[in-house]
Amino acid sequence: MSSEAKTLVSILVPAFNEELNVVRCYEAIVRTFEKLPEYQYEIIVTDNHSSDRTFELLEELARRDSALKVIRFSRNYGYQRSLLCAYKAAAGACSIQLDCDLQDPPELIPEMLKLWRVGHQVVYGIRRTLADGFMVATLRRAFYHFISWISDDDLPVNAGEFRLIDRRILVELQKVDDASPYLRGLISAMGFSQVGLEYDRGDRVAGESKFPLKSMISLAVDGVLNHSLMPLRIASISGIVIGVLSLLLTFTYLVGRVLLGQAWPAGFATTTILLLMSISINAIFMGILGEYVGRLFLQAKPGTKPIVEERLNFPEVISLVARERP
């Protein structure tokens, strides 16, 4: 089959300090497509300004294979924002997102392509098992169920970043300009025909996870705030409930004091505790409001798009700030 007749598939790989995995990941993808003669591939790696030899190794691979394209950012812009840039750069009829550590197996790519061929615009991996410890795995699954419950969108449970999306959705992602994107929720909320593919997530092949607990919490906050107004509703409902309880307590106190002649003690400690609780609740809800307002500020602030430091094997000029290299 000639290369002109082959279907182009974009493989998107985010990387940060993955010198132990990047070559292995590239080779695994190439081996997978050797068994798919009807497809040709492009591999787009977004390097979040790695401080190890990741970019150096990518340069060596890119010189040998023009299908490997690399975007290196001027600093670490975070996992989600780097991925959004990769989606916007994808030229394929569909794209498949794959983590560099190979916990999501490239061997499932043929099955994803089969499901895409029968008409599904999104094929997302469902993590049947997780390689994380018991506590982390439990928290992950609890979060998936929680965000699915509170969200106004139909978000799949136990689905991570391993997914195939059609060109139609790639075109829609070109229009997205979000300072704090949550891509798995954004893509799920677009609709179209979506189907899950169960798999067992493997252990990290080499190196350490670049997604610590702090990053997981940050991603969870983005997911909740980007796809639900529930926190604001909780704040409003709590304010109403506390207000009603305060009126009832005030009414009870006045009835007991004036009509029944009760001589209740002053209760300094109780008053102080209630006052501190009230201040704490107000502070929490002001923080929730601050999170939403902060996102509006970041969205309205100019110059927040990731700056590309270098690009490899991209024929067209994507950004004036990028320095093209052969």
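Anything mentioned here points back to the structure above.
Described below are features of the structure shown in this document. In this text, all values refer to a predicted model and were calculated from it rather than measured experimentally. (Residues numbered from 1 in each chain as written. Predicted model: local features only at pLDDT ≥ 70, side-chain atom pairs only at ≥ 80, totals over all residues. Heavy atoms only, no water.)

Bringing the overall build of the protein chain into the picture now. When helices and strands are tallied, the protein chain shows 10 helices and nine strands. Every one of the 326 residues in the protein chain was classed for burial, and the buried ones make up 43%. Total accessible area on the protein chain stands at roughly 17500 Å², and carbon and sulfur atoms take up 63% of it. (Helix = DSSP H or I, 4+ residues; strand = E, 2+ residues; numbered from the N terminus. Buried < 20%, exposed > 50% of the residue type's maximum accessible area, 1.4 Å probe, protein only. Areas by Shrake-Rupley, 256 points an atom, 1.4 Å probe, with all protein chains shown as cover.)

We now examine helix H3 (residues 79-89). With eight of 11 residues buried, H3 lies mostly within the body of the structure. Turning to H3, its buried residues are Gln 80, Arg 81, Ser 82, Leu 83, Leu 84, Ala 86, Tyr 87 and Ala 89.

On to the packing of helix H1 (residues 22-34) against helix H2 (residues 54-64). Across the interface, H1 lies against H2 with an axial gap of 9 Å and an inter-helix angle of 35 degrees. Across the interface between the two elements, Val 22, Val 23 and Tyr 26 of H1 pack against Thr 54, Leu 57, Leu 58 and Leu 61 of H2. Partitioning the contact of H1 with H2 into residue classes produces six nonpolar, one polar and no charged. (Axes fitted to C-alpha atoms, helices over the stretch in contact; angles between N-to-C directions. Contact = heavy atoms within 4.5 Å. Nonpolar A, V, L, I, M, F, W, Y, C, P; charged D, E, K, R; others polar.)

Here we come to the pairing of strand E2 (residues 39-47). Most of E2 is tucked away, with eight of its nine residues classed as buried. Pairing geometry for strand E1 (residues 7-15) and E2, over nine bridges, is parallel. In the strand pairing of E2, Val 9 is matched with Tyr 41. Handedness of the crossover joining E1 and E2 through H1 is recorded here as right-handed. Taking the sense of rotation as the criterion, the β-α-β connection linking E2, H2 and strand E3 (residues 68-73) turns out right-handed. (Pairing = 2+ DSSP bridges. Right-handed = clockwise from strand over helix to strand, strands pointing away.)

With that out of the way, let us pick up the side chain of Asn 21. Structurally, the position occupied by Asn 21 is in the loop between E1 and H1. Only 2.7 Å separates the side chain of Asn 21 from the side chain of Glu 18, close enough to count as a polar contact. (Polar contact = N/O pair within 3.5 Å; in protein donor to acceptor, adjacent residues only side chain to side chain.)

Bringing the side chain of Ser 50 into the picture now. The residue Ser 50 is located in the loop between E2 and H2 in this model. Judged by relative accessible area, which is 5%, Ser 50 ranks as buried. For Ser 50, the side chain forms a polar contact with the side chain of Asp 47, separated by 2.4 Å. Beyond its immediate stretch of four places on either side in the chain, Ser 50 contacts Ala 15, Phe 16, Asn 17 and Arg 72.

Time to look at helix H4 (residues 109-117). Those residues of H4 that sit buried are Ile 109, Met 112, Leu 113, Leu 115 and Trp 116. Here the buried residues of H4 occupy an arc of 160 degrees about the axis, which is enough to place them on one side. One or two residues past the end of H4 sits Gly 119, with phi positive at roughly 120 degrees. (Arc of directions from axis to C-beta.)

Looking now at the packing of aromatic side chains. Under the counting rule described, the total for this entry stands at three aromatic pairs. Between Phe 33 and Tyr 41 the ring centres are 5.4 Å apart and the planes differ by 45 degrees, which places this aromatic pair in the tilted class. According to the relative accessible area criterion, Phe 33 is buried, its value standing at 5%. The residue whose ring lies beneath Arg 72 is Phe 55, and the NZ or CZ to ring-centre distance is 5.1 Å. (Phe/Tyr/Trp six-rings, centres within 6.5 Å; stacked < 30°, edge-to-face > 60°. Lys NZ or Arg CZ within 6 Å of the ring centre and 35° of its normal.)

It is characteristic of soluble globular proteins that their nonpolar side chains tend to be buried jointly. Among the nonpolar cores identified, the biggest contains 41 residues, and Ile 11, Phe 33, Ile 43, Leu 68, Ile 96 and Leu 113 are the most heavily contacted of them. Sort the elements by how many residues they give to this core and H1 lands first, with seven residues. Leaving out residues up to four positions away in the same chain, Ile 96 has contacts with Val 9, Ser 10, Ile 11, Leu 12, Ile 109, Met 112, Leu 113, Phe 162, Arg 163 and Leu 164. Residues Ala 89, Val 122, Ile 165 and Val 176 belong to the second largest nonpolar core, which totals 22 residues. (Core = buried A, V, L, I, M, F, W, Y, C linked by side-chain atoms within 4.5 Å.)

Here the focus is the pairing of E3. Among the six residues that make up E3, six are buried, leaving the element largely enclosed by the rest of the structure. Here E3 shows a buried face lined by Leu 68, Val 70 and Arg 72 and a second buried face lined by Lys 69, Ile 71 and Phe 73. Where E2 lies against E3, five bridges are found, and the strand directions are parallel. Within the sheet, the bridge partner assigned to Ile 43 lies in E3 and is Leu 68.

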